[in-house]
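# Remarks on the overall topology
Here is how the chains run, residue by residue.
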Amino acid sequence: MRKFERLQSAYDREVNKNSSLSARIYEVCAEKDSLKGQVKDYERIKRAFGPEEVERAVEDAKLWEAAEKEQRDEVTNNRRTFQGAPS
């Protein structure tokens, strides 16, 4: 009887794992569909404004984001330095 209980417990764990994996697959598929929609929108924008203009805008946005991040990091580092300074 004990062996049966161990096997039943192991089976139940596998069924639970299967259920968790199925849920994760559903989430990933939904995310994939969303990303496909974003890719289609990006392609529409490239057709409307021209690939060079869109690429230039994307690069400008990346540079802007990097500069903002650098400023935030600098403020954070200054706060840490100030908080750690002896009174």
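You'll find the structure just up there.
Reference entry: report on the structure contained in this document. (Residues numbered from 1 in each chain as written. Predicted model: local features only at pLDDT ≥ 70, side-chain atom pairs only at ≥ 80, totals over all residues. Heavy atoms only, no water.)

## A short note on the overall build of the protein
Regarding its fold elements, the protein presents two helices and zero strands. Its C-alpha atoms give the protein a radius of gyration of 26 Å, clearly above 12 Å, the size a compact globule of 87 residues would have. Per-residue burial for the protein yields a buried fraction of 2% across its 87 residues. (Helix = DSSP H or I, 4+ residues; strand = E, 2+ residues; numbered from the N terminus. Rg over C-alpha atoms; globule rule 2.2 N^0.38 Å. Buried < 20%, exposed > 50% of the residue type's maximum accessible area, 1.4 Å probe, protein only.)

## Overview of the pattern of salt bridges
Two side chains carrying opposite charge are able to pair once their charged atoms lie near each other. Within this structure, the stated rule accounts for six salt bridges. A salt bridge links Asp41 to Arg44, with the shortest nitrogen-to-oxygen separation between them at 2.7 Å. With a gap of three residues between them, Asp41 and Arg44 both fall in helix α1 (residues 2-49), about one helical turn apart. Using a relative accessible area of 45% as the deciding quantity, one classes Arg44 as partly exposed. The partner of Glu59 in a salt bridge is Lys62, with the nearest N and O atoms 3.7 Å apart. Placement of the pair is Glu59 and Lys62 together in helix α2 (residues 51-84), with a separation of three residues, close to one helical turn. Overall, the relative accessible area of 48% leaves Lys62 in the partly exposed class. (Salt bridge = Lys/Arg side-chain N within 4 Å of Asp/Glu carboxyl O.)

## Focus: α1
The end-to-end C-alpha separation of α1 is 70 Å, in line with the 70 Å expected for 48 residues at 1.5 Å each. A positive backbone phi angle near 95 degrees is found at Gly50, which sits one or two residues after α1. (Expected span 1.5 Å × (residues − 1).)

## What about the environment of Asp41?
For Asp41, a relative accessible area of 41% gives the class partly exposed. C-alpha separation for the pair Asp41 and Glu31, spaced 10 residues apart in sequence, amounts to 15 Å.

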